[in-house]
Every structure is written in C-alpha cells, then in structure tokens.
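Descriptive analysis of the structure
Here are the chains, one letter per residue:
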Amino acid sequence: RTLTGHRDLVCSVAFSPDGQTLATAADDEKVRLWRTSDGALLRTLTGHRDLVCSVAFSPDGQTLATAADDEKVRLWRTSDGALL
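Residues numbered from 1 in each chain as written. Predicted model: local features only at pLDDT ≥ 70, side-chain atom pairs only at ≥ 80, totals over all residues. Heavy atoms only, no water.

Another point: the overall build of the protein chain. Scanning the protein chain for helices and strands turns up 0 helices and 7 strands. Expected size for 84 residues packed as a compact globule is a radius of gyration near 12 Å; at 11 Å, the protein chain falls within 12% of this value. Its C-alpha atoms give the protein chain principal-axis dimensions of about 30 × 25 × 15 Å. Total accessible area computed for the protein chain in this model is approximately 4900 Å², and 47% of it derives from carbon and sulfur atoms. Positive and negative charge centroids in the protein chain, built from 10 and 12 side chains respectively, lie 7 Å apart. (Helix = DSSP H or I, 4+ residues; strand = E, 2+ residues; numbered from the N terminus. Rg over C-alpha atoms; globule rule 2.2 N^0.38 Å. Areas by Shrake-Rupley, 256 points an atom, 1.4 Å probe, with all protein chains shown as cover. Lys, Arg positive; Asp, Glu negative; His and termini not counted. Charge placed at Lys NZ, Arg CZ, Asp CG, Glu CD.)

Below is the structure:
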C-alpha cells in the first residue's frame, strides 16, 4: 500500500503500540495519522512552523510527540488531534 498526502519529503514514520495507526512526518510542516488496516487518512496535525523531523507514540498510544526544525517539541492527543 502507498499512502499519499504529504507535499514534501517524508522523514519520519512510527507505528502506534497497537499497530493500528501510522504517524508520518514531513518537510511540509505536517504530521499525518493513518489507519493501517486500509490506509485511510485519520487526521492531519498542523502547528509546526518548519519541517517535522521526528514522531513517536507514547507507550499507551494516547499521545504523539513531534519534533521539528522550528525548535519545538509538541505533544498531541491521538484520539482527536488536539495539541496538549
């Protein structure tokens, strides 16, 4: 399966602990969450002001940490994409 949607280089990917969600980070300043079973885009996380270079799920999968070249680390609630 190929997941499309980012408009620039994808530089980080991470599976959620349960394997049902994939997070992708790209130079387009966005993070996308995908359902692994069918490749559907679940949500797009916006807020970084430069390329996003890293994504990581918390052990329970409820939080996603993202790091970007804007010198910020952001924490997001995965259930609704809210910035914590």
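Read on for the rest.
Another point: a negative patch on the surface. A cluster of acidic residues, Glu 29, Asp 50, Asp 69 and Glu 71, forms a negative patch at the surface. Position of Glu 29 relative to the elements: it lies in the loop between strand S2 (21–26) and strand S3 (31–35). A relative accessible area of 32% places Glu 29 in the partly exposed class. (Patch = residues over 30% accessible without salt bridge, like charges linked within 9 Å, V, L, I, M, F, W, Y side chains within 5 Å. Salt bridge = Lys/Arg side-chain N within 4 Å of Asp/Glu carboxyl O. Buried < 20%, exposed > 50% of the residue type's maximum accessible area, 1.4 Å probe, protein only.)

Here we come to the sheet that holds strand S5 (residues 52–57). Overall, antiparallel pairing links the 3 strands, which are arranged S5-S6-S7 in an open sheet. Sheet topology places S5 and strand S7 (73–77) at the edges, where each strand pairs with a single neighbour. In this sheet, neighbouring strand axes are inclined to one another by 20 degrees on average, regardless of whether the strands run parallel or antiparallel. Across 5 bridges, strand S6 (residues 63–68) lies against S7 in antiparallel orientation. Of the residues in S7, the one forming a bridge with Thr 63 is Arg 77. (Pairing = 2+ DSSP bridges. Axes fitted to C-alpha atoms, helices over the stretch in contact; angles between N-to-C directions.)

Attention shifts here to a nonpolar patch on the surface. A surface patch of nonpolar side chains, amounting to about 300 Å² of accessible area, comprises Val 73, Leu 75 and Leu 84. Take Leu 75: it is sitting in strand S7.

Turning our attention to the environment of Thr 36. Residue position: Thr 36 is located in the loop between S3 and strand S4 (41–45). By relative accessible area, Thr 36 is classed as partly exposed at 30%. Once residues lying within four places of it in the same chain are set aside, the contact partners of Thr 36 are Arg 1, Phe 15, Gly 19, Gln 20, Thr 21 and Leu 22. A polar side-chain atom of Thr 36 sits 2.7 Å from the main-chain carbonyl oxygen of Gly 19. (Contact = heavy atoms within 4.5 Å. Polar contact = N/O pair within 3.5 Å; in protein donor to acceptor, adjacent residues only side chain to side chain.)

If you look at the biggest cluster of nonpolar residues, it comprises 12 residues: Ala 14, Ala 23, Ala 25, Val 31, Leu 33, Leu 45, Val 52, Val 55, Phe 57, Leu 64, Ala 68 and Trp 76. Per-element tally for this core: the top contributor is S5, with 3 residues. When near neighbours in sequence (up to four residues on either side) are disregarded, Phe 57 contacts Ala 14, Phe 15, Ser 16, Pro 17, Thr 21, Ala 23, Leu 33, Thr 63, Leu 64 and Thr 78. (Core = buried A, V, L, I, M, F, W, Y, C linked by side-chain atoms within 4.5 Å.)

These values are about where atoms sit, not about what they do.
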